[in-house]
Amino acid sequence: MIHAVLIAFNNPDQTLRRWNRDLVPALIHTGLPYRVTVIDNSAAHNPTLAAAFKADYLWQEGENRQYGPSINIAVARIPSDFILYACSRHGQAFDPSWVQDLLTPMQTDPTVGMCGFLMGSNSPEGVAHVTGCEWVKEKYRFEDGVHQHVQGGVFMARTETMLKFPYPSEPALAHLYTDHVITWAMEKGGYRVVDVPTICSVWRSTVHQTNGLKYIHDDAHS
Amino acid sequence: MTTEDDFQKQLDADPTDWMTRGVLADWLDEHDDPRAAGYRALSMLQVWPNRWSSSDSRMEEEQWLFHDGRGTHGGVPIREGVLPTAWMRVLVPSQDGDACLMILDHDVLGESWYDKDTGTYSTATRRQVEDFAVLGFSKLTPSQQSDILNGIAVFV
């Protein structure tokens, strides 16, 4: 089963659009059963989202739990094989087979822990510049290699790896560097992270040329 | 007579050359140029803008991160972001509360980065990125500038 995770934050319309327009057709396309959890970090309870998602809508009582801890809450909630995360605020599907493209490497290779848009990372030494994150340098020291990470915004992960390597809960890492740190944790744990060429996820940027891309997460698409 | 172009050519040849960057700051001071303090700060921090080039066609613009020489692999600087938080917030306004480490081509070049008619992109130069950064430094408060120069500024 695929467990889709959405995080709403004062954007109920975008959250509904992401689910109805971009995720549901693609989840149906995989032929696998699916569920969804919507973590709502908004200040106010949203009756529209509550009506749409019923028991799968989890308003956090007005507390913004941030990105990483929100995903941790969702992952622990429903037993599943795979976690599918898509940013509710930004993104757009261009082909309903985009989730299958994420699913295929997970199904064919049990050592793949996470997949999506793989890009070059800051090093753990860089993250150690962040106040309160000095421990990252030691914990994720790698002997060799330029680091890469699965970019946040849209990804699929094996649920067992997400449970084994939850996002850090420290405030400094709850929303920043989360995608770097989760990738390093999985790689340290013996899992691989892989790139899916039809997926693109960038931050603070716009993708103009969509040739061949089935899902784009950027500032322009919502 | 020495011109700014002479200094900038030297920095293009060796972006790590913090001494030339410091001399440039003095030269700019003598010409009442508002970029002087920022170039001096970059020289004192011994950081320079490092272009993160990707051959991946999905990446349409360059990402620039200021680098201090640590975290190299095979002689190639890997991505670091070492400008203090307050400075970065002036350069790249916060998005959803996030602090940002990277400067993108469109931050430096503005709307001209992408030509809609031809579908082509422009890439910023090292000099343009540094000018962008040092003008941001001039917008910091004296207290923030002092914290940075005294090495007590907070990183993201």
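Thresholds, definitions, all that
- Residues numbered from 1 in each chain as written.
- Chains lettered and ligands numbered in written order.
- Predicted model: local features only at pLDDT ≥ 70, side-chain atom pairs only at ≥ 80, totals over all residues.
- Heavy atoms only, no water.
- Helix = DSSP H or I, 4+ residues; strand = E, 2+ residues; numbered from the N terminus.
- Buried < 20%, exposed > 50% of the residue type's maximum accessible area, 1.4 Å probe, protein only.
- Contact = heavy atoms within 4.5 Å.
- Salt bridge = Lys/Arg side-chain N within 4 Å of Asp/Glu carboxyl O.
- Axes fitted to C-alpha atoms, helices over the stretch in contact; angles between N-to-C directions.
- Parallel < 35°, antiparallel > 145°, perpendicular 65-115°, else oblique.
- Left-handed = near helix turned anticlockwise from the far one by under 90°.
- Nonpolar A, V, L, I, M, F, W, Y, C, P; charged D, E, K, R; others polar.
- Polar contact = N/O pair within 3.5 Å; in protein donor to acceptor, adjacent residues only side chain to side chain.
- Arc of directions from axis to C-beta.

S.K.: What is the right way to read the environment of A:Val154 from this model?
M.R.: All names here are of chain A. By secondary structure assignment, the location of valine 154 is in strand S7 (residues 148-158). We classify valine 154 as buried; its relative accessible area is 0%. With residues near it in sequence (within four places) discarded, valine 154 still touches Tyr85, Ala86, Trp98, Gly116, Ile199, Ser201, Tyr215 and His217.

S.K.: Got a minute to help me understand the pattern of salt bridges in this structure?
M.R.: For side chains of opposite charge, pairing can occur when their charged atoms come near one another. Enumeration over the complete set of coordinates arrives at 20 salt bridges over all chains. Note that A:Arg77 is salt-bridged to A:Asp56, the shortest N-O span being 2.8 Å. Within this pair, whereas A:Arg77 is found in the loop between helix H3 (67-75) and strand S4 (82-86), its partner A:Asp56 is found in the loop between helix H2 (47-53) and strand S3 (57-59), the two being separated by 21 residues in sequence. With relative accessibility at 15%, the residue A:Asp56 sits in the buried group. Ionic pairing is found between A:Asp109 and A:Arg192, a salt bridge with its closest N-O pair at 2.4 Å. Of this pair, A:Asp109 sits in the loop between helix H4 (98-108) and strand S6 (112-120) while A:Arg192 sits in strand S8 (residues 192-195), placing them 83 residues apart in sequence. Judged by relative accessible area, which is 41%, A:Arg192 ranks as partly exposed. Through salt bridges that share partners, B:Glu4, B:Asp5, B:Asp33, B:Arg35, B:Arg127 and B:Asp131 make up one connected network.

S.K.: I'm lost on the packing of helix H1 (residues 4-13) of chain B against helix H2 (residues 18-30) of chain B in this one. Help?
M.R.: When two helices pack together, their arrangement is given by the angle between the helix axes and the distance between those axes. All names here are of chain B. The contact between H1 and H2 brings their axes to 10 Å, and the two run at 165°. Taken together, the axes of H1 and H2 are roughly antiparallel relative to one another. Considering how the two elements wind past one another, H1 and H2 form a crossing that is left-handed. Contacts between H1 and H2 involve Glu4, Phe7, Gln8, Gln10 and Leu11 on the former and, on the latter, Thr20, Arg21, Val23, Leu24, Trp27 and Leu28. The class makeup of the residues in the contact of H1 with H2 is six nonpolar, three polar and two charged.

S.K.: How do you make sense of the side chain of A:Asp179 when you look at a structure like this?
M.R.: All names here are of chain A. Counting through the fold element by element, aspartate 179 comes out in helix H8 (residues 178-188). Only 3.0 Å separates the side chain of aspartate 179 from the backbone nitrogen of glycine 152, close enough to count as a polar contact. Look past the residues within four positions of aspartate 179 in its chain and what remains in contact with it is His149, Val150, Gln151 and Gly152.

S.K.: Just checking my understanding: could you explain the packing of H1(B) against helix H6 (residues 126-137) of chain B for this structure?
M.R.: Residues and elements named next belong to chain B. It is at 10 Å that the axes of H1 and H6 come closest, and there the two elements cross at 110°. Taken together, H1 and H6 sit at an angle that is classed as roughly perpendicular. When you trace H1 past H6, the crossing you get is right-handed. Every residue of H6 that contacts H1 at Glu4, Asp5, Gln8, Leu11 and Asp12 is listed here: Arg126, Arg127 and Asp131.

S.K.: How do you make sense of H1(B) when you look at a structure like this?
M.R.: The periodicity of an α-helix, 3.6 residues per turn, causes residues three or four places apart in sequence to face the same way. All names here are of chain B. Of the positions making up H1, those classed as buried are Glu4, Phe7, Gln8 and Leu11. Down the axis, H1 shows its buried residues gathered within 95° of arc, on one side only. The exposed set on the far side of H1, more than 90 degrees from its buried face, consists of Lys9 and Ala13. Where H1 is buried, its residues meet H2, helix H3 (36-45) and H6.

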